[in-house]
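Chain by chain, the residues:
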Amino acid sequence: LFKEAGADFNESDKEGNTALMHMCMYDESLTAEKLQLFKEAGADFNKHEDIQQATALMHMCDLGQSLTVEKLRLFKEAGADFNESDSRGSTALMRMCGNARSLTVGKLQLFKEAGADFNKSDSRGSTALMRMCLHDPLALNDRPMGVEKLQVFKEAGTDFTKRNSRGSTALMHLFLNGMCTRYGGRSMTAKKLDLFKEAGAEFTDRDADDFALLMLI
């Protein structure tokens, strides 16, 4: 009805948010059909709002469980740039990886297909891999999905040796995550460590506080 009435789907409020952004921020029942309508109406899927410089895709990646591969694919088909970053340097991929409950192998694969840069760093030097290793319990255990997620990062050409502003690597984050979960040291399995080793991760690194990996077990 709005489309037929000639509504401008790219109008924004005083903070630069469009109708698409509002839906992606607040509507957990957001459907692929609604997104398809915005696409057909010529909505700009790459607009940035004025405060955090976030895009609709970034907001949608914050929603959690309601984020689906189908919705991400519609953003891709609508020409969304999966490498845009907000005022803090965070990309949609980083936001999704920081939300453990929303992260699946299928979503990571879609970002890879959309040309997302898996090596981008935010203003603190953190990458999507670091966020996943720090926040996602499924990256820790022996279930296939945990290892498969790490495998997608490897296949996407991720640099497993990158450090953030504190000198921490993704592998250090993985160990820290293990310390904060019920899995504890048991989460450090040979299968995961072998993958990090194959990807070139350094096991002798120390962070800015001079902590070594062995001290985090």
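Scoring rules and cut-offs
Residues numbered from 1 in each chain as written. Predicted model: local features only at pLDDT ≥ 70, side-chain atom pairs only at ≥ 80, totals over all residues. Heavy atoms only, no water. Helix = DSSP H or I, 4+ residues; strand = E, 2+ residues; numbered from the N terminus. Buried < 20%, exposed > 50% of the residue type's maximum accessible area, 1.4 Å probe, protein only. Contact = heavy atoms within 4.5 Å. Areas by Shrake-Rupley, 256 points an atom, 1.4 Å probe, with all protein chains shown as cover. Salt bridge = Lys/Arg side-chain N within 4 Å of Asp/Glu carboxyl O. Arc of directions from axis to C-beta. Polar contact = N/O pair within 3.5 Å; in protein donor to acceptor, adjacent residues only side chain to side chain. Disulfide = S-S within 2.5 Å.

Draft legend 1. Region of the structure containing the overall build of the protein chain. On a plain count of helices and strands, the protein chain comes out with ten helices and zero strands. Traced from its N-terminal end to its C-terminal end, the protein chain shows the element sequence α-α-α-α-α-α-α-α-α-α. Burial statistics for the protein chain: of 217 residues in total, 47% are counted as buried. Excluding contacts between residues fewer than 6 apart, the proportion of contacts in the protein chain whose partners are at least 24 apart in sequence is 71%. Here the protein chain has roughly 10,600 Å² of accessible surface; of this, 49% comes from carbon and sulfur atoms.

Draft legend 2. Quick look at the pattern of salt bridges. Going through the model one piece at a time under the given rule, you end up with five salt bridges. Put simply, Glu155 and Lys112 hold a salt bridge, and the shortest N to O gap is 3.6 Å. Of this pair, Glu155 sits in helix α8 (residues 144-155) while Lys112 sits in helix α6 (residues 105-113), and the two are 43 residues apart along the sequence. As a salt-bridge pair, Lys154 and Glu198 come within 3.0 Å of each other at their nearest N and O atoms. Of this pair, Lys154 sits in helix α8 while Glu198 is found in helix α10 (residues 190-198), placing the two residues 44 residues apart along the sequence.

Draft legend 3. Just helix α4 (residues 69-77), in detail. For α4, the set of buried residues is Lys71, Leu72, Leu74 and Phe75. Taken around the axis of α4, the buried residues stretch over an arc of 155°, which confines them to a single face. Those residues of α4 hidden inside the fold are in contact with α1 (19-26), α2 (32-40), α3 (56-61), α5 (92-97) and α6. In the segment just after α4, Gly79 is the residue with positive phi, at about 85°.

Draft legend 4. Geometry of the side chain of Arg95. Looking at the element boundaries, Arg95 is found in helix α5. In this structure Arg95 comes out as buried when scored by relative accessible area, which is 11%. Once residues within four sequence positions are removed from consideration, Arg95 is found in contact with Gln52, Ala54, Met58, His59, Cys61, Asp62, Asp86 and Arg131.

Draft legend 5. Examining the side chain of Asp122 more closely. Structurally, the position occupied by Asp122 is in the loop between α6 and α7 (128-135). Here Asp122 falls in the buried class, since its relative accessible area comes to 13%. A distance of 2.8 Å separates a polar atom in the side chain of Asp122 from the backbone nitrogen of Arg124. Here Arg131 takes part through its side chain, which lies 2.8 Å from a polar atom of the side chain of Asp122.

Draft legend 6. Quick look at the state of the cysteines. Under the defined criterion, the tally for this structure stands at zero disulfides. For the unlinked cysteine Cys24, the closest cysteine sulfur is that of Cys61, found at 9.1 Å. By relative accessible area, which is 0% here, Cys24 ends up buried. Summary of cysteine pairing: Cys133 is not part of a disulfide, and the nearest cysteine sulfur, belonging to Cys97, is at 9.2 Å.

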